[in-house]
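# Structural overview for review
Chain by chain, the residues run as shown.
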Amino acid sequence: SEEMLDTLTDWTFGNMRRPYPWSLLVLIYNLGGPKITGVPASSGPYGGRSAKFVVHFKHQWNEGSLTSHDDLMEHHQGMSVALERHMPCKGFYNYMNGDM
């Protein structure tokens, strides 16, 4: 939706902490096609089979800096909550089965 894209844009560019311009990676990739749809849903723990696309984001920082760790963890948690309002996670974390 437009609201989801606005939220993603805001958290990627608007709400990003300024001292850390290279600390956020956002990837958007589509799912589908015969390699995914040809595998029965019961054959493996992959909860994202019915998704149209995946938004993958990660934060990174200098492990020796407690300040950057705290700032970027706060951003990561806020971004996660904001995106969950539009795209609830369906067991995609680490490809784990959502029923586990």
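Rules behind the numbers
- Residues numbered from 1 in each chain as written.
- Predicted model: local features only at pLDDT ≥ 70, side-chain atom pairs only at ≥ 80, totals over all residues.
- Heavy atoms only, no water.
- Axes fitted to C-alpha atoms, helices over the stretch in contact; angles between N-to-C directions.
- Helix = DSSP H or I, 4+ residues; strand = E, 2+ residues; numbered from the N terminus.
- Parallel < 35°, antiparallel > 145°, perpendicular 65-115°, else oblique.
- Contact = heavy atoms within 4.5 Å.
- Nonpolar A, V, L, I, M, F, W, Y, C, P; charged D, E, K, R; others polar.
- Expected span 1.5 Å × (residues − 1).
- Buried < 20%, exposed > 50% of the residue type's maximum accessible area, 1.4 Å probe, protein only.
- Arc of directions from axis to C-beta.
- Core = buried A, V, L, I, M, F, W, Y, C linked by side-chain atoms within 4.5 Å.

This brings us to the packing of helix H1 (residues 2-14) against helix H3 (residues 66-84). Packing of H1 against H3 leaves a shortest axis separation of 10 Å and a crossing angle of 175 degrees. The angle between H1 and H3 falls in the class roughly antiparallel. Across the interface between the two elements, Thr7, Leu8, Trp11 and Thr12 of H1 pack against His75, Gly78, Met79, Ala82 and Leu83 of H3. Considering only residue class, the contact of H1 with H3 consists of 5 nonpolar, 4 polar and no charged.

For the rest of this paragraph, the subject is H3. Compared with the 27 Å implied by 1.5 Å per residue over 19 residues, the 27 Å span of H3 between its first and last C-alpha is a close match. For H3, the set of buried residues is Ser68, Asp71, Leu72, His75, Met79, Ala82 and Leu83. The buried residues of H3 occupy an angular sector of 90 degrees when projected down its axis, which confines them to one face. In this fold, the buried residues of H3 make contact with H1, strand E1 (24-30) and strand E2 (53-59).

Attention shifts here to the nonpolar core. Membership of the largest hydrophobic core is limited to 12 residues, which are Met4, Leu8, Trp11, Met16, Tyr20, Leu24, Val55, Phe57, Leu72, Met79, Ala82 and Leu83. Contributions of two or more residues to this core are made by H1, E2 and H3. Take this core: its biggest share by element is 4 residues, from H3. Setting aside chain neighbours within four positions, we find Met16 in contact with Asp10, Trp11, Ser23, Leu24, Leu72 and His75.

Moving on to H1. Helical geometry: 3.6 residues make up each α-helical turn, so side chains three or four residues apart lie on a common side. Looking at H1, one finds that the buried residues are Met4, Thr7, Leu8, Trp11 and Thr12. Each buried residue of H1 sits inside an arc of 120 degrees when the element is viewed along its axis, so together they form one side. Turned more than 90 degrees away from the buried face of H1, the exposed residues are Glu2, Glu3 and Phe13. Buried residues along H1 sit in contact with E1, E2 and H3.

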